[in-house]
Amino acid sequence: NHFLDQLSTGWQYEIARTAEYKFVDCGLEVYYNGDVLDEFYVIVQGSVRLILEPKNTVYCRTLDLHDKDTFAEQIMTQPGSAMVSRAVALEDTHLLVIQRRHVEAIINKGKSMKRQRWHV
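The following refers to the structure shown. (Residues numbered from 1 in each chain as written. Predicted model: local features only at pLDDT ≥ 70, side-chain atom pairs only at ≥ 80, totals over all residues. Heavy atoms only, no water.)

**Things to note about the overall build of the protein chain**
The number of helices and strands found in the protein chain is 3 helices and 8 strands. The proportion of buried residues among the 120 residues of the protein chain is 33%. When contacts within the protein chain are restricted to residue pairs at least 6 apart in sequence, long-range pairs at least 24 apart make up 78% of them. If you sum the accessible surface of the protein chain, you get close to 7600 Å²; carbon and sulfur atoms cover 53% of it. (Helix = DSSP H or I, 4+ residues; strand = E, 2+ residues; numbered from the N terminus. Buried < 20%, exposed > 50% of the residue type's maximum accessible area, 1.4 Å probe, protein only. Contact = heavy atoms within 4.5 Å. Areas by Shrake-Rupley, 256 points an atom, 1.4 Å probe, with all protein chains shown as cover.)

The following block contains the structure:
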């Protein structure tokens, strides 16, 4: 689940340049089920357990993530939707927080540059 690995180095640099740092103590939540987020996360060091909790069911599934994994990317594909999981740090964890608005600005900048190339 290395979302950023799928992007070019230039895009990775632009996204990382806008990222914020967050430290989460072992056992604490990064976010809760039902939260509406506007950012996604990259694990720099540590590990996080995602506990998937679909609405109105007792079914739960867990997914353990580690260094360089990303999570909460649904904010890009489903903005404004409530999270159906909660994320808990399994150890002291260092995260990069990437705001949706920054990614959108980078995408729009790229589209604008592409249009300018074609309108010479």
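Next comes the rest of the write-up.
**Some points on the packing of aromatic side chains**
Counted according to the given criterion, the structure contains 3 aromatic pairs. Between the aromatic rings of Tyr31 and Tyr41, the centroid separation amounts to 6.2 Å while the plane-to-plane angle is 20°, which identifies the pairing as stacked. Here Tyr41 lies in strand 3 (residues 39-45) and Tyr31 lies in strand 2 (residues 29-31), a separation of 10 residues in the sequence. The buried category is assigned to Tyr31, whose relative accessible area is 2%. A network of ring pairs unites the aromatic residues Tyr31, Tyr41 and Phe71 as a single cluster. (Phe/Tyr/Trp six-rings, centres within 6.5 Å; stacked < 30°, edge-to-face > 60°.)

**Brief notes about the nonpolar core**
Counting 24 residues, the largest nonpolar core has Val30, Tyr31, Tyr41, Phe71 and Ala72 as its most contacted members. When residues of this core are traced back to their parent elements, those giving at least two are strand 2, strand 3, strand 4 (48-52), strand 7 (85-89), strand 8 (93-99) and helix 3 (100-118). No other element matches strand 3, which puts 4 residues into this core. Discounting residues that sit within four places of it in the chain, Tyr31 has contacts with Leu37, Tyr41, Leu50, Phe71, Ala72, Met83, Ser85, Arg86 and Ala87. (Core = buried A, V, L, I, M, F, W, Y, C linked by side-chain atoms within 4.5 Å.)

**Remarks on the sheet that holds strand 2**
Sheet architecture is open: 4 strands sit in the order 2-7-4-5, paired in antiparallel fashion. Of all the strands in the sheet, just strand 2 and strand 5 (61-65) have a single pairing partner and so form its edges. Each neighbouring strand pair of the sheet contributes to a mean axis angle of 25°, computed without reference to strand direction. Bridge count for strand 4 against strand 7 is 5 bridges, and the pairing is antiparallel. Bridged to Leu50 within strand 7 is Ala87. (Pairing = 2+ DSSP bridges. Axes fitted to C-alpha atoms, helices over the stretch in contact; angles between N-to-C directions.)

**Digging into the environment of Leu65**
Examined against the element boundaries, Leu65 turns out to sit in strand 5. On the basis of relative accessibility, which here comes to 4%, the residue Leu65 falls in the buried class. As for Leu65 and Ile43, which are separated by 22 residues in sequence, their C-alpha atoms are 8.0 Å apart.

**Looking at the sheet that holds strand 1 (residues 20-24)**
Taken in spatial order, the 4 strands line up as 1-8-3-6 in an open sheet, and their pairing is antiparallel. Both outer strands of the open sheet, strand 1 and strand 6 (70-71), are each paired with one neighbouring strand and no more. Pairing of strand 3 with strand 8, which is carried by 6 bridges, proceeds in the antiparallel orientation. Bridge pairing in strand 8 places Phe40 opposite Ile98.

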